[in-house]
Amino acid sequence: MDVNGTVAEGFEPVREAFLRNFGQLGERGAALAVYRDGHRIVDLWGGTKDVDGQAPWERGTAQIVRSATKGVAAAVLLLLHQRGELDLDAPVGEYWPEFKAAGKERTLVWHLLAHRAGVPVLDRPLTPGQAADPELGAAAVAAQAPVWEPGTDHGYHAQTYSWLTGELARRVTGRPVGAWLADEIAGPAGADLWLGLPDSQAARVGRVGPVDAPEAADGLRTRPKRSVAEAYADPGSLTRRAFAAITPLPDENDPAYRAAALPASNGIATADGLARFYAALIGEVDGGRRLFTPRTVELARGERSAGPDRVLVVGTRFGLGHMLHGGASPLLSPGSFGHPGRGGALGFADPESGLAFGYVTNGFRQSVTADPRAQALVWAVRAALAGE
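Quick caveat: nothing in here was measured; it's all calculated off a predicted structure.

### What about the sheet that holds strand β7 (residues 268–269)?
Taken together, the three strands give an open sheet; going across it, the order is β4-β7-β5, and neighbouring strands pair in antiparallel fashion. This sheet does not close on itself; its edge strands, each paired only once, are β4 (63–64) and β5 (193–194). Of the strand pairs in this sheet, β5 and β7 are connected by two bridges, and their pairing is antiparallel. Residue pairing across strands places Trp 194 opposite Ile 268, the latter belonging to β7.

Here's what the structure looks like:
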C-alpha cells in the first residue's frame, strides 16, 4: 500500500497510523490534512478514489463528508451573528415567520444550532427529490410540531438540520446557503469545500459506499453498543425517525444529490479543504484573513447541550452547532470543536494548540460519531504533540 504526501518532523507517527488504517481497519481510500498555526504540517492520501474502483486517490480528490457538513453550516450562522446580522437569542420566527407554527413560537436561533429545537423528525418524510428542494424542506420543517418543548432538551437533528440552518441563512442573507458559503467562507479561506457541488468540480469527487467494520483493534470500538443498535432497529424510535426524515435514503453518488445543498449531510470537501476551513476559523492561514473572532470561537465551543441525546442514545456535547470533545466523539482536547460525519469524515479545530484537522474517506461504517479510523489518527496527532 502506497501512502502519498508529507508530514512535518515529529509527526511521522501520524503517517504510520494512516497506513495502519488500510491494513487493520479496512480503509479503501482516504486523505488527512492537519494545520498548525495556519501552516499545513500533515498532507497524506492513499488508496483508491472510488470505494469500489481501482483508480488511485490523487491529491485534490474530494468526497462527500456527510454530517461533517453541520460544522460548516454552523459557521455560516455564527459569522452572520458576528457581523451583527443574526441575533442568536432571538426567536427564529423573527426571521422566518412561518416557523412559528405548531408550538414553535418560542424556539430561539441558538436552539437550532444546539440541537434543542425539538424537531429532529418529520411526520411526513421527504423523498430525496423533495429533500433537495430547499423550499419544500423548509416548509416541511416549519409545519412540523416539536416532539419536546423547544429549548428544554437536546437530540441530534440528523436531517432536519439542513432546512433549519439553510432556510434561516437564506432568510437573513437573501441568498442560497451554498452560494453564501462559497463567497464568504470557502473562497476567502481558499478551501476546497462545497455545499452544492458545481459541475466543474464533479470529476474530482470519488464514489462512496459502505465498508464492513472489522473486529475491535487496539482498543478502538468498531461496532455500536447494543442500545444504539436497538434504537436504529426500532421504526418508532426517535433515532430511526430522525435519520428517516429523508426516505428512502439518498444515493450519495447521484450527481443530482451532490448538486443539492443540504447543510446537514451532503457537503463535499477535500481533507485539506476541511482542515483549512477549521484553521481559518481560529487564525490566519498562509497569510489569509481569520474568519472567527476570539469571541465567536468561544461561542462555537461553549457548551449548550450535554448529556443523554434523545436521538443518538449516547451522551453528546454541543456548542453552537459544533460537537465538543467527549466520549461519543473524542477530539484532540477538551477545548476542541468540530463535527464528525456518520461513519467516516471528521473535521475540527483546537485553539489551544493551534491545530486544525480534516479527514475524509470513501468508505462509510455503521458508526455515527467516533469512527475508529479517524480516532486512530487523532490519537497519533495527540501523541506527536506530547512527544515534542
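Still to come is the rest of the account.
### Looking at the packing of helix α2 (residues 69–82) against helix α11 (residues 271–282)
Where α2 contacts α11, the two axes come as close as 11 Å, and the packing angle between them is 35°. Our pair here, α2 against α11, has a crossing hand that is left-handed. Touching Gly 71, Val 72 and Ala 75 of α2 are Phe 277, Tyr 278 and Leu 281, all from α11. Classifying every residue of the contact of α2 with α11 gives five nonpolar, one polar and no charged.

### Description of helix α12 (residues 294–301)
Listed as buried for α12 are Thr 296, Val 297, Leu 299, Ala 300 and Arg 301. The elements touched by buried residues of α12 are α2, α11, β10 (323–324) and β11 (337–340).

### Here we look at the packing of aromatic side chains
Inspection of every chain in the model, using the stated rule, returns seven aromatic pairs. Ring plane angle 75° and centroid distance 5.5 Å describe the contact between Phe 18 and Phe 22, whose orientation is recorded as edge-to-face. Of this pair, Phe 18 and Phe 22 both sit in helix α1 (residues 12–24), four residues apart, which is roughly one turn of that helix. Classification of Phe 18 as buried rests on a relative accessible area of 0%. Taking 5.0 Å as the distance between ring centres and 40° as the angle between the ring planes, the aromatic pair formed by Trp 96 and Phe 99 counts as tilted.

### Topic: the pairing of strand β3 (residues 39–47)
By the criterion of burial, β3 is predominantly enclosed, with seven of the nine residues buried. Two elements, strand β1 (residues 3–7) and β3, share five bridges in a ladder whose sense is antiparallel. Considered in β3, the bridge of Gly 5 is made with Leu 44. Taking the residues between adjacent antiparallel strands as the criterion, strand β2 (residues 29–36) and β3 are bridged by two residues, where Asp 37 takes a positive phi near 50°.

### Regarding the layout of surface pockets
Size it by volume and the largest pocket reaches roughly 710 Å³. Arg 66, Leu 249, Glu 252, Arg 342 and Arg 365 are the residues nearest the centre of the largest pocket, which is lined by 33 residues in total. For the lining of the largest pocket, the secondary structure elements donating two or more residues are β6 (209–210) and α9 (238–243). Looking at the lining of the largest pocket residue by residue, the class counts come to 16 nonpolar, eight polar and nine charged.

### Considerations on helix α5 (residues 134–143)
Restricting attention to buried positions, one finds in α5 the residues Gly 137, Ala 138, Ala 140, Val 141 and Ala 142. Two or three places before Glu 135, at the start of α5, stands the capping residue Asp 133, its side-chain oxygen 2.9 Å from that residue's backbone nitrogen.

Conventions we followed
Residues numbered from 1 in each chain as written. Predicted model: local features only at pLDDT ≥ 70, side-chain atom pairs only at ≥ 80, totals over all residues. Heavy atoms only, no water. Pairing = 2+ DSSP bridges. Helix = DSSP H or I, 4+ residues; strand = E, 2+ residues; numbered from the N terminus. Axes fitted to C-alpha atoms, helices over the stretch in contact; angles between N-to-C directions. Left-handed = near helix turned anticlockwise from the far one by under 90°. Contact = heavy atoms within 4.5 Å. Nonpolar A, V, L, I, M, F, W, Y, C, P; charged D, E, K, R; others polar. Buried < 20%, exposed > 50% of the residue type's maximum accessible area, 1.4 Å probe, protein only. Phe/Tyr/Trp six-rings, centres within 6.5 Å; stacked < 30°, edge-to-face > 60°. 1 Å grid on protein atoms, 1.4 Å probe; cavity = no way out; pocket = protein on both sides within 12 Å on 5 of 7 lines; lining within 4 Å. Points joined across faces, edges and corners; volume = space filled by probe spheres on them. Polar contact = N/O pair within 3.5 Å; in protein donor to acceptor, adjacent residues only side chain to side chain.

All quantities given are derived from atomic positions and should not be read as evidence of function.
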